[in-house]
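Below are the chains, spelled out letter by letter.
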Amino acid sequence: MIDEFLSGPAAARHLYDVEEALRSAAAAEIMPRFRQLAAHEIVEKNGPHDLVTVADRLAEEHLTTSLTKLLPGSVVVGEEAVHANRGILAELSGEAPVWIVDPVDGTRQFVHGDPGFTTLVALAYRGEVLASWTYAPALLGLMAVAVRGGGATLDGVRLRSGRPETDAVLEVAVSHPDFTTPEEDEALARLEVEGVAPRPCGSAGLEYLRVAQGALAAVAFGWENPWDHAAGLLLVEEAGGASATVAGEPFRVTGGNALPFTAARDRATADRLLALMRGAGAGRDTARSGA
């Protein structure tokens, strides 16, 4: 079922239908509320940087209906559904294909009228992400798509992350401390060295897209919600980038990862950042000699 959906004769149509499902959900539930939200339509979940709006909830409901219709027998693990019932996360380890959905990634930006938010969808099976869609409805309707083994595109144009120029300062988007433990904060603070320029991340979806485009050296995050990372990690990988946790392992959407982790535009950059976060003392020259 899942093989036919992604690689059968109708695969191109299926991929396009998912794009249309994202566009439809955004047009119906997200964009009409952009810069139009009333105060009662915004709720804090776990602090002032973790918000949910009526647009998040209704867009997730819209996507749940449309995506499961496109792939009969599939299930949805969505951010808002999991917030209401964490038991839904068990579906990631089940036998059914899973749509991993973040209806509004960058809700804080959405609430403040900033167009830097995305809708993220990934399709996973038995814990492996097989395809992903990153849609930025307020940023010219940008649509990035990745298929495992099939590459990554932005509005139909192939994405290639490339490598940073020699001696380039590495700009890295990092987690806000509201979402990290003291130990993770300490690891991320080790990135504040010569040649590396950490900054707070915005929408995770857009930051991953920037890495896949080669416009950002890397991201380094200390939280593992699958809806924030599944789409972007595959996008970066298929654009030629690399990722790993501080334990040197692939990030698992099923959870239980050693944190923080990084996704970078090339393997050498990923290795350098991981060494720094581990406290290995890999200076600029030393890290490069092993790249």
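Residues numbered from 1 in each chain as written. Predicted model: local features only at pLDDT ≥ 70, side-chain atom pairs only at ≥ 80, totals over all residues. Heavy atoms only, no water.

Draft legend 1. Spatial organisation of the sheet that holds strand β8 (residues 151–154). Strand order in the open sheet made by the seven strands is β3-β4-β5-β6-β7-β8-β9, with mixed pairing throughout. Strand pairing shows two members of the sheet lacking a second neighbour, β3 (75–78) and β9 (157–158), which therefore form its edges. Two elements, strand β4 (residues 98–105) and strand β5 (residues 118–125), share six bridges in a ladder whose sense is antiparallel. When the sheet's bridge partners are listed, Val101 is paired in β5 with Val121. Running over the sheet, helix α2 (residues 11–30) touches β4, β5, β6 (128–136) and β7 (142–147) and is turned about 45° from β6. Against the sheet, helix α3 (residues 54–70) makes contact with β3, β4 and β5, and its axis sits at roughly 150° relative to β4, the strand it touches most. (Pairing = 2+ DSSP bridges. Helix = DSSP H or I, 4+ residues; strand = E, 2+ residues; numbered from the N terminus. Contact = heavy atoms within 4.5 Å. Axes fitted to C-alpha atoms, helices over the stretch in contact; angles between N-to-C directions.)

Draft legend 2. Seen up close, the packing of aromatic side chains. With the rule as written, the count across this model stands at nine aromatic pairs. Plain terms: the ring middles of Phe34 and Phe110 are 5.8 Å apart, the flat faces sit at 20° to each other, and that makes the pair stacked. One end of the pair, Phe34, is in the loop between α2 and β1 (42–47); the other, Phe110, is in helix α5 (residues 107–111), with 76 residues separating them in the sequence. Look at Phe221 and Phe261: their rings are 6.1 Å apart centre to centre, the planes differ by 70°, and that puts the pair in the edge-to-face class. Taken together, the residues span a long stretch of sequence, with Phe221 in strand β12 (residues 218–221) and Phe261 in strand β14 (residues 261–264) at a distance of 40 residues. In terms of burial, Phe221 and Phe261 fall into one category: buried. Members of the aromatic cluster, connected to one another through ring pairs, are Tyr208, Phe221, Trp223, Phe251 and Phe261. (Phe/Tyr/Trp six-rings, centres within 6.5 Å; stacked < 30°, edge-to-face > 60°. Buried < 20%, exposed > 50% of the residue type's maximum accessible area, 1.4 Å probe, protein only.)

Draft legend 3. A look at the pairing of strand β11 (residues 196–200). Sheet analysis places strand β10 (residues 170–174) next to β11, joined by five bridges and oriented parallel. Bridge pairing links Glu171 to Ala197 in β11.

Draft legend 4. Structural detail: the pattern of salt bridges. One pass over the full model with this rule turns up 14 salt bridges. Between Arg163 and Asp266 there is a salt bridge, with its nearest N and O atoms 3.6 Å apart. With Arg163 in the loop between β9 and β10 and Asp266 in the loop between β14 and α9 (267–277), this residue pair connects regions lying 103 residues apart in the sequence. By relative accessible area, which is 59% here, Arg163 ends up exposed. (Salt bridge = Lys/Arg side-chain N within 4 Å of Asp/Glu carboxyl O.)

Draft legend 5. Quick look at α3. Taking 1.5 Å per residue, 17 residues should reach 24 Å; α3 reaches 24 Å between its end C-alpha atoms and fits that length. Among all positions in α3, only Val54, Ala55, Asp56, Ala59, Glu60, Leu63, Ser66 and Leu67 are buried. Sitting at the head of α3, Thr53 places a side-chain oxygen 3.1 Å from the backbone nitrogen of Ala55. (Expected span 1.5 Å × (residues − 1). Polar contact = N/O pair within 3.5 Å; in protein donor to acceptor, adjacent residues only side chain to side chain.)

Draft legend 6. Structural view of the side chain of Glu238. Along the polypeptide, Glu238 turns up in helix α8 (residues 226–238). Buried and unpaired, Glu238 has Arg148 as its nearest opposite-charge partner, separated by 4.8 Å. Side-chain polar atoms of Glu238 contact the backbone nitrogen of Gly151, separated by 2.8 Å. Discounting chain neighbours no more than four positions away, the residues touching Glu238 are Ala146, Val147, Arg148, Gly149, Gly150, Gly151, Ala152, Arg158 and Leu159. (Lys, Arg positive; Asp, Glu negative; His and termini not counted.)

Draft legend 7. Structural context of the environment of Ala173. Tracing the backbone through its elements, the reader meets Ala173 in strand β10. Along the backbone, Ala173 and Tyr208 are 35 residues apart, and their C-alpha atoms lie at a distance of 9.3 Å. Residues contacting Ala173, with those up to four places away along its chain left out, are Arg199, Cys201, Glu207, Leu216, Ala218, Val219, Ala220 and Phe221.

Draft legend 8. How the structure looks around the packing of α2 against α3. Packing of α2 against α3 brings their axes to within 9 Å, and their N-to-C directions diverge by 150°. As far as their axial angle goes, α3 and α2 are roughly antiparallel. Crossing hand, α2 versus α3: right-handed. In this structure, α2 contributes Asp17, Val18, Ala21, Leu22, Ser24, Ala25, Ala28, Glu29 and Ile30 to the contact, and α3 contributes Ala55, Leu58, Ala59, His62, Leu63, Ser66, Leu67 and Leu70. When the residues that make up the contact of α2 with α3 are grouped by side-chain class, the tally is 12 nonpolar, three polar and two charged. (Parallel < 35°, antiparallel > 145°, perpendicular 65-115°, else oblique. Left-handed = near helix turned anticlockwise from the far one by under 90°. Nonpolar A, V, L, I, M, F, W, Y, C, P; charged D, E, K, R; others polar.)

Draft legend 9. Molecular detail of the nonpolar core. Residues Ile100, Leu159, Tyr208, Val219, Phe221 and Leu235 are the most contacted members of the largest nonpolar core, which totals 39 residues. Among the elements that make up this core, the one with the highest residue count is α8 (seven residues). Not counting residues up to four positions away in its chain, the partners in contact with Ile100 are Val77, Leu92, Leu120, Val121, Ala122, Ala124, Pro226, Trp227, Ala230 and Val253. Within the second largest apolar cluster, 33 residues are counted, among which are Phe5, Leu37, Leu63 and Ala131. (Core = buried A, V, L, I, M, F, W, Y, C linked by side-chain atoms within 4.5 Å.)

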